[in-house]
Amino acid sequence: MKILGFIGRSDIPLAHDGSASLIVDHKIKFALEQERLTRKRYAEGQGCFDATKVCLDSAGLHLSDLDCIAYGWLEDLKSGSQVSDYVVSSNELTPILLPPEQFGYTEPPNIHFVKHHYAHAAVTFFTSGFDSAAVLVMDGQGEGVSVSLFHAKGNTIDLIETYPVDTSLGMFYGAAGARSGLGWHSGPGKLMGLAPFGQVRESIDFHFDPDTGRFTLPALLQKAIDDSPTPPTASDIGMLWLNYFEDYHYPYRQTWKSGWESVKAYHVAHYADFAASAQHTLETIGHNLVKRLKKLTGEKNLVLSGGCALNCTMNEALSRQKIFDNIYIFPAANDAGCSIGAALALSHLLDPLDPPTAPLERLPSPAFGSTYTSDAIIAAIKDYGFIPEKLSSEELIERVSEDLAADKIVAWFRGQDEFGPRALGRRSFLANPSHRETLGRLNHIKGRETWRPLAPSVLCEKAKIVLEGPLDPGLHRYMLGTATIRPEWRTKIPAVVHVDFTTRSHLVEKDQDGIYWSLIDRFYQKTGIPLVCNTSLNVAGQPLVHKPEEVLDIFSTQEDVQTLVIEDFYLTKSETIGTEIVDRTH
């Protein structure tokens, strides 16, 4: 069964994280985020037309070739047929979501609209490798709810409880990021990195009772919700939290002459304690939600989804508390993952596994996107005036490991596009972690705040030498947890040591990561360090690179990026301009 999954609307300005995917017989064959194509982070109001066309083109398909189309949100429809409690089929919005002038149909095909949190639950459960699991979804909102608890077994995912947008953890934490001048979309990730610099000096009166299943909001915020003439939207809740933070949490409300840019310029120390308080609140509520899930399901496995599940510090706390034996999170836990989730949900509904308890394999990596031919890469390299030098795998590993050992920063572009916000060794900046200056160099190249930490890619079989803790692969395989660096290693790899001595580790496996594992292993042989700095291959305001031209532009304009690898092609800044192709693969 061939199913197209997608999410994103061009007619709603605040709709974000559009993406498209192709699922064939329960397997993810291709997936791509809209932002990678339009080069606008989060793709607000852009829909997913471009990503959908590339997705179909990747398999040589048209809409008419598909068995079904799935969308990761249950829209407010005037007409349609109920397929299940979570799915409605309708062609009412097809001309808006998939315009006929772009997709070439006369009769609009039906779209299966899947409830948003059910799509979130499906993508994380059906890629977990578990035969059953408790499922926790936490985000800004989805059709009027912000938290959902599910119990998943085999082909089915049953809803247990939901909580309304009034108690949205996504809007709470997003507002905290915005209050700190870090932005609504980008703020949560940055706030997580800022929190360890502060202390919890003020508690935030936001709680969840795992026994009663009830949330408690600050009294003044609850009164504002109760006094509202109409039920508040998720955006309203975000603004209520923002105003509450400004009035009741240090540094309190101020009149900024030039808006949020002035907040950004305000010294980070003023917001570190506030960030610590917001992070502590999120972790405490997350802990109590998980306790309730355990009580209601008795499961040994836990899977998470929704934007809040990208909070590595909270995830690690949940892992270490061992309320559940095992934990897993799909790498694109944000809304982009719902294109895959909607398609997987429909796949298991219409074509259930037999036997139903047979688990699918654990996701090896989120590399679902585009690749490029040697001819396309050569043409791009020539256009930028460099000599395309093609190396064998062995020589490429040797050259790049030498460059890393010599403290050169490497732009590494190999394999398929990775789906989600984490770079896991296919679209990465790589560097030597043994010098603290490396952190400043990479943050400067990327245009990031100076205090933001770097993550390491570490050889899986050597990770326990450097890192403490359980290192649950359901988190650390995808850079979705944190680990404490052992004291004897902190001075050896200072570039990846955060202020609280933690790091957001990425476990690299020989069988799955091939040449990337071999590169780190060769670096280990040369230096005695079994890891490298790994951060996403992009610069300020841009998503991860998608085309060879985009990484060549970074290589050409960023003086401190001295080495570039595009597939088997190796470039250095010392090369002179020319057109000869050097092939060392034979």
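Figured I'd write up the structure that's included with this text. (Residues numbered from 1 in each chain as written. Predicted model: local features only at pLDDT ≥ 70, side-chain atom pairs only at ≥ 80, totals over all residues. Heavy atoms only, no water.)

### A look at the overall build of the protein chain
Scanning the protein chain for helices and strands turns up 21 helices and 26 strands. In summary, the protein chain has a C-alpha radius of gyration of 24 Å against a globular reference of 25 Å for 586 residues, a match within 12%. Expressed as a percentage of contacts within the protein chain between residues at least 6 apart in sequence, the contacts between residues at least 24 apart total 71%. Carbon together with sulfur atoms contributes 50% to the accessible area of the protein chain, which is approximately 22,600 Å² in total. Of the side-chain charges in the protein chain, 54 are positive and 73 negative, and the distance between the mean point of each set is 5 Å. (Helix = DSSP H or I, 4+ residues; strand = E, 2+ residues; numbered from the N terminus. Rg over C-alpha atoms; globule rule 2.2 N^0.38 Å. Contact = heavy atoms within 4.5 Å. Areas by Shrake-Rupley, 256 points an atom, 1.4 Å probe, with all protein chains shown as cover. Lys, Arg positive; Asp, Glu negative; His and termini not counted. Charge placed at Lys NZ, Arg CZ, Asp CG, Glu CD.)

### Considerations on the pattern of salt bridges
Counting across every chain of the model gives 25 salt bridges. When the shortest N-O distance is used, the salt bridge between Asp247 and Arg253 registers 2.8 Å. Residue classification places Asp247 among the partly exposed positions, given a relative accessible area of 39%. Taking the relative accessible area as the measure of exposure, Arg253 reaches 45% and is therefore partly exposed. Because the salt bridges share partners, they merge into one network encompassing Glu418, Arg426, Arg477 and Asp513. (Salt bridge = Lys/Arg side-chain N within 4 Å of Asp/Glu carboxyl O. Buried < 20%, exposed > 50% of the residue type's maximum accessible area, 1.4 Å probe, protein only.)

### Brief notes about the environment of Thr281
Looking at the element boundaries, Thr281 is found in helix α11 (residues 269-297). Thr281 gets classed as buried once you look at its relative accessible area, which sits at 6%. C-alpha separation for the pair Thr281 and Pro355, spaced 74 residues apart in sequence, amounts to 42 Å. Within polar-contact distance, the side chain of Thr281 engages the backbone oxygen of Ser277 at 2.8 Å. (Polar contact = N/O pair within 3.5 Å; in protein donor to acceptor, adjacent residues only side chain to side chain.)

### So, the sheet that holds strand β7 (residues 111-114)
A sheet is described by the order of its strands in space; here seven strands give the open sequence β3-β2-β1-β4-β7-β6-β5, paired in mixed fashion. A strand with exactly one partner marks an edge of an open sheet, and here the two such strands are β3 (27-33) and β5 (81-82). (Pairing = 2+ DSSP bridges.)

### Thoughts on a nonpolar patch on the surface
Residues Val83, Leu349 and Leu350 make up a contiguous nonpolar surface patch of roughly 200 Å² in combined accessible area. Mapped onto the elements, Val83 comes out in the loop between β5 and β6 (87-90). (Patch = residues over 30% accessible without salt bridge, like charges linked within 9 Å, V, L, I, M, F, W, Y side chains within 5 Å.)

### Some words on helix α5 (residues 116-125)
With 10 of 10 residues buried, α5 is to be regarded as a mostly interior element. His116, His117, Tyr118, Ala119, His120, Ala121, Ala122, Val123, Thr124 and Phe125 are the residues of α5 that are buried.

### A few points about the packing of helix α15 (residues 393-405) against helix α20 (residues 515-527)
Any two packed helices are characterised by the angle at which their axes cross and by the distance between the axes. Where α15 contacts α20, the axes come no closer than 9 Å and their chain directions differ by 50°. Considering the angle they form, α15 stands oblique to α20. Between α15 and α20 lies a crossing whose hand is right-handed. Residues Ser393, Leu396, Ile397, Glu398, Val400, Ser401, Glu402, Leu404 and Ala405 of α15 pack against Ile515, Ser518, Leu519, Arg522, Phe523, Lys526 and Thr527 of α20. (Axes fitted to C-alpha atoms, helices over the stretch in contact; angles between N-to-C directions. Parallel < 35°, antiparallel > 145°, perpendicular 65-115°, else oblique. Left-handed = near helix turned anticlockwise from the far one by under 90°.)

Everything listed here is a matter of geometry and, on its own, says nothing about what the molecule does.
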